[in-house]
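Residues per chain are reported as follows:
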Amino acid sequence: MFRSVRRTELHEAGTAPPKSMSLVHKCSIAALLMLLAGNRLSAQLNVVVVRPKEIHDVLVNPGMGITTFQRFNGQAPNPPLKWSEIGPVTKLPQASSRPDFPDTSISYCRWYWNVLEPEPGKFHWEIVDLALEEARAHGQTLAIRLMPYSNHDPLPDWYQKSGARRANKPTDKDGEIWQPDFSDPVYLKYWGELVAEAGKRYDGNPYLDSVDISSVGYWGEGWSPYMPAFSYQKELIDIWLEAFRRTPLLMNFDEQQALTYGTQQGAGWRLDCLGDMRTSSTSVYFPAEMLEIYPQQVVRAGIQDVWQRKPVSLEVCYTVAGWKEKGYDLDYILEQALRWHVSSVNIKSAPIPPEWKSQFEDFQKKLGYRFILRRLEYPKVVTPGTMMPVHMWWLNAGVSPVYKYFSLAVELRSSQSAAIIRVPVDVRSWLPGDAVFDGTLYVPENLADDSYDFRVAMLDPRTGKPAIQFAIEGRREDGWYGLGSLTVKKQ
C-alpha cells in the first residue's frame, strides 16, 4: 500500500518527490485501473442481455377485454340489433361453428329478483352456481348483477303482496309496472337479505370477477322516476359494501352523489350506455350521454383517478351494429373509452360489423393492461445458494393496471429439475408506462450443476401456473416465456 503525497506538500517541506516514488505511484495507479477494467469486462462477459421482440396480437388476459353477455365463449352471438336481459338458467349449447365474436376472459350475466327468489327466503342459487361452473369451463371468470325489476320484468309477486309501499298507482302512466318505494324499510329488508345471502355464498370466489352495486330503478341501474333521498340510496349501497368485502364491486354511474360515495368506499365504476352519441334529448331519464352527461359526470363525481386502483367497466348503448346504423362516430366512442381507462366492455354478445373489426382489434390491444418486457439482464453463470442480480425493464402499454394479484416469477429449468423464484414486485402497481426491477434473486442451494433455461411468467397465486400473456415472442405451450439460458455451477 502506497500513501499518496501531494507535490505542494513536498515543495513546502523543501524536498522534491523522488523519481522512484513517482514511478512506483504511477505503476500502482495503472495496475489498479487495469484491475478495475478487467473486473468490469469480466462482469460484462458474465451478463446475458435479452431484448424480447414485441408482438401485436390481441391478447386474452384475466379481468379485461370484451365480455360475453348472458353466455360464454364459443356460444352463438345475438343478432346484430337485439339482445336479452334474461340471464341463463340452464346450460347453453355451443355454436355449431366458431362464432364471429372475440374470445374473452369474462362472462357478464345478470338475473332478476323474481327468478332468484320466487318465494320469500327460497333462493335459486343453483342458477348462479351453474354460471360460475360454465364460466370456469369456458376459460372465463363471471361478472354479475342482481336486478330488482325492469319495465317488462316485475318485482316478485310475493314482495308486491308483502305490505311493501308502492311508489305509483295502477292508473299512472307507468301503472302497469309496480314501482317500489325505495325509502321503504321493507324494500331495504328484503332486497338486503338477497344481497347478504349472495355475499355469504360468493364473496371471494376466485371465479367471480366483479359484482355490480344495483339496488334502485329499472335493471338496478341507479336511476328512477321515484328516486329516494341520498340517505336511503346510501343504505342500499352499504348492503353491497357489507356483503362483498373481497370481490370487486362496480358502482353504477347515473346518480352523481351515489357514484361519488360508492367509489370513495372502494368500488370501481361502470356505465350502461357507452356510444350514445345523440346531441339532444327530450327525456330527463335518457339524456344525451356521450356528448353531454358522461364526461362531465366523471369530473363532478371526482372519479377521474379511480381507475388507478379499481376497474372501470362499460356497456354499450344499443349494439355496435346499432351505432353503425345510427351513423355514430366509432373513433370518438373508442377513444373516449380509453380516456376513461376502461378494462372491460360489454357489447351484448352482438357481432361487430366487418368494416369496423380492425378498429376494434386496435381498441382491444389498448384497453386494460398490456405487458411488454423490453430488456432483461441476468448472469451467464450462477452459484447455488447465492444471490443472482437481475434487471428487468417492463412497459405497460395498456390504459390500466392489472387489479388482481399475480406473482411475477423466474423459472430455472433443466432436463432434470426446475426451480421457481418469485420476483419481489407487486405488478398491480404498474400503471401505464415503464416499470423497472433492479434487484437480486436467491438461487436455490439444491440446484445441481447443469444448463438451465431462463423463463419468466406471471403466475396465478391459486394454481401457481402462468396466467397472463405478454406482448412478446417466446411463449411456450405451458405459458412460460423462454428468454435464454444460464449455467448453474458450484464453486
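Residues numbered from 1 in each chain as written. Predicted model: local features only at pLDDT ≥ 70, side-chain atom pairs only at ≥ 80, totals over all residues. Heavy atoms only, no water.

Helix and strand counts for the protein chain come out as 12 helices and 17 strands. C-alpha extents for the protein chain along the principal axes are approximately 115 × 60 × 45 Å. Counting all 491 residues of the protein chain, 51% fall into the buried class. Residue pairs in contact within the protein chain that sit at least 24 positions apart in sequence constitute 74% of those at least 6 positions apart. (Helix = DSSP H or I, 4+ residues; strand = E, 2+ residues; numbered from the N terminus. Buried < 20%, exposed > 50% of the residue type's maximum accessible area, 1.4 Å probe, protein only. Contact = heavy atoms within 4.5 Å.)

So, on to the pattern of salt bridges. Overall, the coordinates contain 31 salt bridges when judged by the stated rule. One salt bridge connects R145 with D272, and the closest N-O pair in it is separated by 3.0 Å. Taken as a pair, R145 in strand β4 (residues 141-147) and D272 in strand β7 (residues 268-274) lie far apart in primary sequence, 127 residues in all. You can call D272 buried: its relative accessible area is 10%. Among the ionic pairs, E411 bridges to R455, the shortest N-O distance being 2.7 Å. With E411 in strand β13 (residues 407-413) and R455 in strand β16 (residues 450-459), this pair connects stretches of sequence that are 44 residues apart. Across this residue pair, the class does not change: E411 and R455 are buried. Among the charged side chains, a salt-bridge network with shared partners connects E85, R110, R145, D212, R270, D272 and E315. (Salt bridge = Lys/Arg side-chain N within 4 Å of Asp/Glu carboxyl O.)

The contact between helix α11 (residues 330-339) and helix α12 (residues 357-364) brings their axes to 11 Å, and the two run at 10°. On the basis of their axis angle, the class for α11 and α12 is roughly parallel. Along the contact surface, α11 presents L330, D331, L334, A337 and L338, while α12 presents Q359, F360 and F363. The residue inventory of the contact of α11 with α12, partitioned by class, reads 6 nonpolar, 1 polar and 1 charged. (Axes fitted to C-alpha atoms, helices over the stretch in contact; angles between N-to-C directions. Parallel < 35°, antiparallel > 145°, perpendicular 65-115°, else oblique. Nonpolar A, V, L, I, M, F, W, Y, C, P; charged D, E, K, R; others polar.)

This part covers the pairing of β16. In terms of burial, β16 is largely enclosed, as 7 of its 10 residues are buried. Taken together, the 7 bridges between β13 and β16 define a ladder with antiparallel strand orientation. When the sheet's bridge partners are listed, L412 is paired in β16 with F454. The pairing of β16 with strand β17 (residues 481-488) spans 6 bridges and is antiparallel. The residue bridging Y452 from the neighbouring strand is L486, located in β17. (Pairing = 2+ DSSP bridges.)

Moving on to the packing of helix α6 (residues 185-202) against helix α7 (residues 230-243). Packed helices, taken two at a time, are described by the angle their axes make and the gap between the axes. Relative to each other, α6 and α7 sit at 20°, their axes nearing to 9 Å. Taken as axis vectors, α6 and α7 run roughly parallel relative to one another. When you trace α6 past α7, the crossing you get is right-handed. Residues Y187, L188, W191, G192, V195, A196 and G199 of α6 lie in contact with α7, whose contacting residues are E235, L236, I239, W240 and A243. Partitioning the contact of α6 with α7 into residue classes produces 9 nonpolar, 2 polar and 1 charged. (Left-handed = near helix turned anticlockwise from the far one by under 90°.)

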